[in-house]
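Reading the structure
So you can see what is in the structure, the chains are spelled out below.
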2 protein chains.
Amino acid sequence: MEAPSFYRIALDVMGGDHGPRATLEGARQALMAHPELFLYLVGDEAHLKGLLESHGLRSTLQSRYAIVHAGSVVEMEDKATVILKDKKDSSIRIAAQLVRDGKADGLVTMGHTGAANVAAMKELGTLDGVDRPCLASVMPNRAGTPTVLLDVGANVDCKAEQLAQFAVMGSIYAGEVLGIARPRVGVMSVGEEEGKGSLAVKEAAHTLRTMDLNFLGNAEGRDIWNGKFDVIACDGLVGNALLKSAEALADMLIKGISATFRETWYTKMAGLLARPALKRFVKKLDYAEYGGAPLLGVKGIFIIGHGHSNGRAVASAIRAAFTASEHRVNEHIQEAIGSLLSQAADNTPS
Amino acid sequence: MEAPSFYRIALDVMGGDHGPRATLEGARQALMAHPELFLYLVGDEAHLKGLLESHGLRSTLQSRYAIVHAGSVVEMEDKATVILKDKKDSSIRIAAQLVRDGKADGLVTMGHTGAANVAAMKELGTLDGVDRPCLASVMPNRAGTPTVLLDVGANVDCKAEQLAQFAVMGSIYAGEVLGIARPRVGVMSVGEEEGKGSLAVKEAAHTLRTMDLNFLGNAEGRDIWNGKFDVIACDGLVGNALLKSAEALADMLIKGISATFRETWYTKMAGLLARPALKRFVKKLDYAEYGGAPLLGVKGIFIIGHGHSNGRAVASAIRAAFTASEHRVNEHIQEAIGSLLSQAADNTPS
């Protein structure tokens, strides 16, 4: 008989707009749902102890988590590098150290993305052969499936090899963690025809075509939403602009439509009648379902949730970290990057 | 007394999804609204003659337009270069020739963007000092004002000088044609802090800071929608992806919300009550108001409307071309590019 597997995730309890209120609720939900899960709750010990009771964590769940003290927390207005000097004992950095020391298999934070990135680089570094870690956003599309867009972080001036690495890492994440069989992979360009796009895009597409990957070629902006691709790789400037534009546009449209319902007594009535259906629709688009943004290419599993995350979103992020470690995502990435590199070496004229 | 000014615009009557039905309606609206406007209606002469009556153009307006025959039309599935060989007599090329020959001051088409670009380059070329023409999209933002995003065409791998040129051309267009005083100009990056972004973005920002321009620095994806910037310059791959993503996302959200109203009898009722208010809201977002996308940097005025354009959108595009020629947009661009270039020359170590 195989020994039972246990997966230990470090949760940065302090990060995110709602702090422990959301993260502890997410912790409870995740522990209830996954009996093989163990959590390190990283944060201010005294503060957290007082909150456990009200979050239903002083219960049968008590044996399945441990509090790890952290003396500070990175605020959203802090610089990402604050964890290197002034906030060495911040919850994100302590959580990263748990992964570094092999105590935790992965890390989940709703806090400062830049600080999480710096913590990952400082404590763990990248997988062999990976140039830079890359942040993937999991977006809900019209087909009701997730589209993984990466990089949405800040890897600018990406070379073709980096774009190819993003595509490979995204494909493995989509397959192993999101459960998509043979993920359809594309690279973001200005038109679907082969040969359209920047030099880096064209060269990346050329490399990806030769790989053992379900590579469909060029994607366009609309393909984030139509369900034709599961994974779209792009330069971090492109992805970051796309992500921030989409968030703001969706917010503008949904708030604008809500406002129209407050105009007159009969639109108010209409709003009342339509509210449950509209809520269901907005829920369908909710990122909360998909478990946050993985920081891929790091020696360890890092899932960065949205600052606004509620308990359900935190639980999804924990589930994503858990699944990524269960499915050995980083080993798969390491293998694939290795074959990408050896292929590149083969193609280099000697 | 000054001689009265007349502005002559060549309208590609055949282009666009709705063909002459939309363009002739737009022509009529524009002629009614602007007594100083003269139109060349470029298209199949026999076909058009039969349509004039039903579009209210056999009237007092009759002296203010002329039909110019074109033997073919570029279809959306054609390659952009089709106008160089197989469709030399296409309406878009004939219209461009009217501008080349000084018969028309500007051109308006709802047709194939790529073909319009090729026609512009073939018949007119770029303004002195402009590397490549650039397509600007005029988008409606939350503040109820337009945001000009450029390039949304296909200038990929843009260098810093090109980005700076886009910013300058966009600023002039926003000021002269959209009537925005001291347009607030930005360059698309991954964060608002100075020094964030790609090499080209940082260098372009550096140049733009020294110019006589209301340059605010880096913009982010969300700034397309929040009204903080009037003009945002970016690489064509970034802008193209942003534009196509935004169109698809808005469509997905609006269709998704409409669908929720069809779910049950009371959501249907709600839909009925809310429809006028929702229609007003969607109209506020309508690109039809802003007159299409100018192709800037060309020796001549080119306005490319959306393929879906209705009569009102065509009329807005004609108004934009008319205003651009009335305000001598290209002369202003030429001057500004000249000062950009002389500045660059001054900065070159001798």
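Residues numbered from 1 in each chain as written. Chains lettered and ligands numbered in written order. Predicted model: local features only at pLDDT ≥ 70, side-chain atom pairs only at ≥ 80, totals over all residues. Heavy atoms only, no water.

**Considering the sheet that holds strand S5 (residues 134-140) of chain B**
All names here are of chain B. Rule in force here: For two strands to be treated as a pair, DSSP must find no fewer than two bridges joining them. Numbering of helices and strands starts at the N terminus; helices are DSSP runs of H or I of at least 4 residues and strands are runs of E of at least 2. Axis definition: a line fit to C-alpha positions, over the contact stretch in the case of helices; interaxial angles, taken between N-to-C directions, run 0 to 180 degrees. Every residue pair with non-hydrogen atoms within 4.5 Å of one another is taken to be in contact.
Strand order in the open sheet formed by eleven strands is S3-S2-S1-S4-S11-S10-S5-S6-S9-S7-S8, and the pairing between neighbours is mixed. The open sheet has two edge strands with one neighbour each: strand S3 (65-69) and strand S8 (215-219). Neighbouring strand axes in the sheet, compared pairwise and without regard to direction, differ in orientation by 25 degrees on average. Pairing of strand S4 (residues 106-109) with strand S11 (residues 301-304) involves four bridges; the strand directions are parallel. Looking at S11, one finds that Thr109 is bridged to Ile304. Against the sheet, helix H6 (residues 199-209) contacts strand S7 (185-188) and S8, and its axis sits at roughly 170 degrees relative to S8.

**With respect to the side chain of Glu220 of chain A**
Our working definition: Using a 1.4 Å probe on the protein chains alone, a residue whose accessible area is under 20% of its type maximum counts as buried, one over 50% counts as exposed, and one in between counts as partly exposed. N or O atoms closer than or at 3.5 Å make up a polar contact, with two conditions inside protein: a donor-capable atom paired with an acceptor-capable one, and, for residues adjacent in sequence, both atoms drawn from side chains.
Along the chain, the position of Glu220 of chain A falls in the loop between strand S8 (215-219) and strand S9 (231-233). Residue Glu220 of chain A is classed as buried on the basis of its relative accessible area of 8%. A polar contact is formed between the side chain of Glu220 of chain A and the side chain of Lys244 of chain B, at a distance of 2.4 Å.

**Quick look at the confidence of the model for chain A**
Where we set the bar: For every residue, the predictor reports its confidence as pLDDT, a number between 0 and 100.
On average, residues of chain A score 90 in pLDDT, and 95% of them are at 70 or above. Under the prediction, the complex receives an ipTM of 0.90, its pTM being 0.91.

**With respect to the side chain of His34 of chain B**
Mapped onto the elements, His34 of chain B comes out in the loop between helix H1 (20-33) and strand S2 (37-43). Not counting residues up to four positions away in its chain, the partners in contact with His34 of chain B are Arg64, Arg319 and Phe322 of chain B.

**Some points on the environment of Gly291 of chain A**
Residues and elements named next belong to chain A. If you trace the backbone, Gly291 turns up in the loop between helix H8 (265-284) and strand S10 (293-296). A relative accessible area of 1% places Gly291 in the buried class. Between the alpha carbons of Gly291 and Ala321 there is a distance of 8.4 Å; along the sequence they are 30 residues apart. The contact partners of Gly291, leaving out residues within four places of it in the chain, are Ile303, Ser316, Ala317 and Ala320.

**A word on the sheet that holds strand S5 (residues 134-140) of chain A**
All names here are of chain A. Spatial strand order, S3-S2-S1-S4-S11-S10-S5-S6-S9-S7-S8: eleven strands in an open sheet with mixed pairing. For this open sheet the edge positions go to strand S3 (65-69) and S8, each flanked by a neighbour on one side alone. Ignoring strand direction, the axes of neighbouring strands in this sheet form an average angle of 25 degrees. In this sheet, S10 lies alongside S5 in antiparallel orientation, the contact comprising two bridges. Paired with Cys134 across the bridge in S10 is Leu296. Packing of helix H2 (residues 45-52) onto the sheet brings it into contact with strand S2 (37-43) and S3, and relative to S3 it is tilted by some 150 degrees.

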